[in-house]
Structure formats: C-alpha cells, structure tokens
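Structural overview for review
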Amino acid sequence: MCGNNMSASLPAARKATAAVIFLHGLGDTGHGWEEAFARIRRSHIKYICPHAPVMPVTLNMNMAMTSWFDIIGLSPDSQEDEPGIKHAAEYVKTLIDQEVKNGIPSDRIVLGGFSQGGALSLYTALTTQQKLAGVTALSCWLPLRSSFPQGPISGVNRDIPILQCHGDADPLVPLMFGSLTAEKLKTLVNPANVTFKVYEGMMHSSCPQEMLDIRQFIDKILPPVD
C-alpha cells in the first residue's frame, strides 16, 4: 500500500478550499473517475482519485490486479479480509491528513468511491476521528458490518451526510446489498442525513444522472467559502 503514492488528480482552478477524495473499484485506476469529475468540477475544489495497489484477489482466482483489499466473495455472508480493509482505511486516513497539511480542513473534504472503493470510503468515514464533510458511496456495501454497534456510532461523523447510489440492474453488487447497507447506515449515523438513490436500468456502473446528483450533493456540503 505504502509503495503506491500515485493518484490521478484535478487541481482546483483557483485556491483550493475543499477536496474530494474518490476511490475506484476493483481492477480499475483513478483515471476514469478523474475524467468523470472533470465534467462536474467546481473551481474551488481539488479532486484526488488515487490508484489502488496491485495484489492477488481471491475472487478472481488469485489474479493480480488493482485492489484496495482482498475480496473473497460477493455475498452478504462471504468471509472478509479484515486486516486488509483496516490497512486500506489507514492509508485513506493518510490521504486525508495530507490534504489537511495542505491547508484544507478535514470537514471540507468529501470521501467517496465506487464498488470496492465505495465500501472502503464508508468504512473509513465511520471509523476515523477526522471529521469529514460527507461521503458519496456508489454501487457498494458496508464492509465488516458486524464490527459496528447496534446503535449510533460514537465518533465525530455520526451526523455525516451520506449519498448512496445504486443501479437496480447491478449484476455484481445486487441492489439488495445497497438497500441493506442504507438501512444499516441509518442506524449508525443521523438517518435524516442518509440519502439512497436508485437508478433504473443501471448496471454495475455510473450514469449521467448519478453524476449530476453527486454534483448537487457536493455543491450543498462544499460551497465556495469566498
């Protein structure tokens, strides 16, 4: 993890007063999401799309590919790579710390991701002591869900705004996983701040309406400060 500091990033067009850190899915890189955010960017926001390290992935017959942690299976009762998920979350926290050192307060940072990256963004936001502006979690699930309390989390992000998006035709991470995740999130953080949007006909991918909804969500929680 530590050997890969590369990321695709879009600098702010003027002085950056906010940041979006967005984590790609299994086997992907940050470049595709960098292009997606270029279409909805705001001039005061810096967008950082890091690349995951390459590792063997059990789900894909141990083939090496970019992955934030190992995935053993994609059913709700599949075994999970707990050490790998926690290690990856620590790495994401260092990315947040780096932006804080660059002068952007953590509560002006939105964390997000797609699929495995979305799962990691949710886990990190719910376990970090860094107060964040919000989370955009796309086509994903909450990892290590049994490690969370039955009631609200006690951390700094218990009122965090979360935008969770899912396609109703997703063959890889079925909509049911997204729905179960949204219900669990509403018990962990202020339920009024959890928004779950479903896109008709969308598979395990994104769509223009979803990107517009993400822009609207980010506009609301990361307005210009000057």
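Each value, and the rule that gives it
- Residues numbered from 1 in each chain as written.
- Predicted model: local features only at pLDDT ≥ 70, side-chain atom pairs only at ≥ 80, totals over all residues.
- Heavy atoms only, no water.
- Axes fitted to C-alpha atoms, helices over the stretch in contact; angles between N-to-C directions.
- Helix = DSSP H or I, 4+ residues; strand = E, 2+ residues; numbered from the N terminus.
- Parallel < 35°, antiparallel > 145°, perpendicular 65-115°, else oblique.
- Contact = heavy atoms within 4.5 Å.
- Nonpolar A, V, L, I, M, F, W, Y, C, P; charged D, E, K, R; others polar.
- Salt bridge = Lys/Arg side-chain N within 4 Å of Asp/Glu carboxyl O.
- Buried < 20%, exposed > 50% of the residue type's maximum accessible area, 1.4 Å probe, protein only.
- Pairing = 2+ DSSP bridges.
- Right-handed = clockwise from strand over helix to strand, strands pointing away.
- pLDDT = per-residue confidence, 0-100.
- 1 Å grid on protein atoms, 1.4 Å probe; cavity = no way out; pocket = protein on both sides within 12 Å on 5 of 7 lines; lining within 4 Å.
- Points joined across faces, edges and corners; volume = space filled by probe spheres on them.
- Expected span 1.5 Å × (residues − 1).

As named in an unreviewed UniProt entry, the chain is Acyl-protein thioesterase 1, taken from Pipistrellus kuhlii.

The geometry of helix α1 (residues 31-38) relative to helix α5 (residues 208-221) is characterised by a closest axis approach of 10 Å and an angle of 70° between their N-to-C directions. Relative to α5, the element α1 is oriented roughly perpendicular. When α1 is examined against α5, the residues Trp 33, Ala 36 and Phe 37 are found in contact with a partner set consisting of Met 211, Ile 214 and Ile 218. Partitioning the contact of α1 with α5 into residue classes produces six nonpolar, no polar and no charged.

Here the focus is the pattern of salt bridges. Applying the stated criterion across every chain, the model contains four salt bridges. Measuring nitrogen to oxygen at the nearest pair gives 2.9 Å for the salt bridge that ties Arg 42 to Asp 219. Here Arg 42, found in the loop between α1 and β3 (45-50), pairs with Asp 219, found in helix α5; they are 177 residues apart in sequence, far enough to count as distant. With relative accessibility at 28%, the residue Arg 42 sits in the partly exposed group. As a salt-bridge pair, Glu 99 and Lys 46 come within 2.9 Å of each other at their nearest N and O atoms. Separated by 53 residues along the polypeptide, Glu 99 in helix α2 (residues 82-101) and Lys 46 in strand β3 bring together distant segments of the chain.

What follows is about the pairing of β3. Counting buried residues in β3 gives five out of six residues, a clear majority hidden from the surface. Relative to β3, strand β2 (residues 18-23) runs parallel, the two sharing four bridges. Within the sheet, the bridge partner assigned to Val 20 lies in β3 and is Tyr 47. Each parallel crossover has a hand, and the one from β2 via α1 to β3 is right-handed.

Glancing now at the confidence of the model for the chain. A residue-level look at the chain finds 95% of positions with pLDDT of 70 or above and a mean pLDDT of 93. Note that pLDDT drops below 50 for residues 1-5; the model gives that stretch ten contacts with residues more than four away or on any other chain.

What follows deals with the layout of surface pockets. Taken as a whole, the largest pocket holds about 360 Å³ of empty space. If you trace the largest pocket, you find 22 residues lining it, with Ser 75, Pro 76, Glu 80, Trp 141 and Arg 145 closest to the centre. Considering each element in turn, the lining of the largest pocket owes the most residues, four residues, to helix α4 (residues 175-188). Residues belonging to the lining of the largest pocket are distributed by class as follows: twelve nonpolar, five polar and five charged.

With that settled, the discussion passes to helix α3 (residues 116-127). Compared with the 16 Å implied by 1.5 Å per residue over twelve residues, the 17 Å span of α3 between its first and last C-alpha is a close match. Within α3, eleven of the twelve residues are buried, leaving the element largely enclosed by the surrounding structure. When α3 is considered as a whole, its buried residues turn out to be Gln 116, Gly 117, Gly 118, Ala 119, Leu 120, Ser 121, Leu 122, Tyr 123, Thr 124, Ala 125 and Leu 126. The inward-facing, buried residues of α3 contact β2, α2, β6 (109-114), β7 (134-138), β8 (162-167) and α4.

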